[in-house]
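Fold and contact review
Single-letter residue listing:
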Amino acid sequence: MGNPFEAAWNVLKTSMDNANETKGPLHVIEVGDCWKYITLVEEFIRYEESGLNTTTDDEVREMLTDIIKLCESHVKKLSKFMKEEGLPLPDVTSSKPNSEPNEIPLGVKLTDDEITNGVAFKLVTSLQACAKGQADAIRNDIGMIWLEFYMDWVTIGANLKTLMKKRGWLKVPPYYYPPGSPKK
């Protein structure tokens, strides 16, 4: 059996490509979703840059670098789409300058645990924004962009979870055993 995500993607893409949709203007919620997502992802990049400035762990650095590349590709694609639609782009925070991780005071420096859990939280927020954008989309072209972005985050999330489990950084709520269930 193949990759279920790839199969779902192909079915959706085929159905949307075959719709022969006439493009009307984006509605106000579609525009707002685009605008908010670019702002969200740009701020996510700033957090990742801060993480790169504070960690010395090679695996965490690699993960942050991969996520920055993904975020930048999302910003580039959505910015291009918005410009083509005549939409203004939001003002965003400037990039963080590089700094030496070992020179940051301990009271200010994020731990690798804090960095990865912050990334996990921002990843969930990005997934929710993509799901909302896709649900709000009337036009197929913007709906496909949201679906593509969502799948990118699912992939990154799986890799992040693996790293966090390996290092003992994954925050797991207490287990629930309903009354009357067999003891394990």
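Because the structure is predicted, anything quoted here is derived from the model rather than measured.

To continue, consider the packing of aromatic side chains. Counted under the stated rule, the structure contains 4 aromatic pairs. Ring centres 5.4 Å apart and planes at 20° place the aromatic pair Phe44 and Trp153 in the stacked group. With a gap of 109 residues between them, Phe44 in helix H2 (residues 28-54) and Trp153 in helix H5 (residues 140-167) connect regions that are remote in the sequence. Accessibility assignment for this pair places Phe44 and Trp153 in one class, buried. On the basis of an interplanar angle of 90° and a centroid distance of 6.1 Å, the ring pair of Trp146 and Phe149 is categorised as edge-to-face. In this pair, Trp146 and Phe149 both sit in helix H5, 3 residues apart, roughly one turn of the helix. Across the pair, exposure class does not vary: Trp146 and Phe149 are buried alike. A network of ring pairs unites the aromatic residues Tyr37, Trp146 and Phe149 as a single cluster.

Bringing the environment of Thr39 into the picture now. Looking at the element boundaries, Thr39 is found in helix H2. Note: C-alpha distance between Thr39 and Leu89 (50 residues apart in sequence) is 8.9 Å. Filtering out sequence-adjacent residues up to four positions away, Thr39 remains in contact with Pro90 and Val92.

Our next topic: the side chain of Asp112. Residue position: Asp112 is located in helix H4 (residues 112-136). No salt bridge is formed by the buried Asp112; its nearest oppositely charged neighbour, Arg167, is found at 5.3 Å. In this view, Asp112 contacts Thr55, Asp57, Val60 and Trp169; residues no more than four positions away in its chain are not counted.

What follows covers the pattern of salt bridges. Counted according to the given criterion, the structure contains 14 salt bridges. One salt bridge connects Asp136 with Lys132, and the closest N-O pair in it is separated by 2.4 Å. Here Asp136 pairs with Lys132, and both are found in helix H4, just 4 residues apart, close to one helical turn. Lys132 gets classed as partly exposed once you look at its relative accessible area, which sits at 36%. One salt-bridge network, held together by shared partners, links Lys23, Glu85, Arg139 and Asp141.

Criteria and thresholds
Residues numbered from 1 in each chain as written. Predicted model: local features only at pLDDT ≥ 70, side-chain atom pairs only at ≥ 80, totals over all residues. Heavy atoms only, no water. Phe/Tyr/Trp six-rings, centres within 6.5 Å; stacked < 30°, edge-to-face > 60°. Helix = DSSP H or I, 4+ residues; strand = E, 2+ residues; numbered from the N terminus. Buried < 20%, exposed > 50% of the residue type's maximum accessible area, 1.4 Å probe, protein only. Contact = heavy atoms within 4.5 Å. Lys, Arg positive; Asp, Glu negative; His and termini not counted. Salt bridge = Lys/Arg side-chain N within 4 Å of Asp/Glu carboxyl O.

Coordinates in, geometry out; function isn't part of it.
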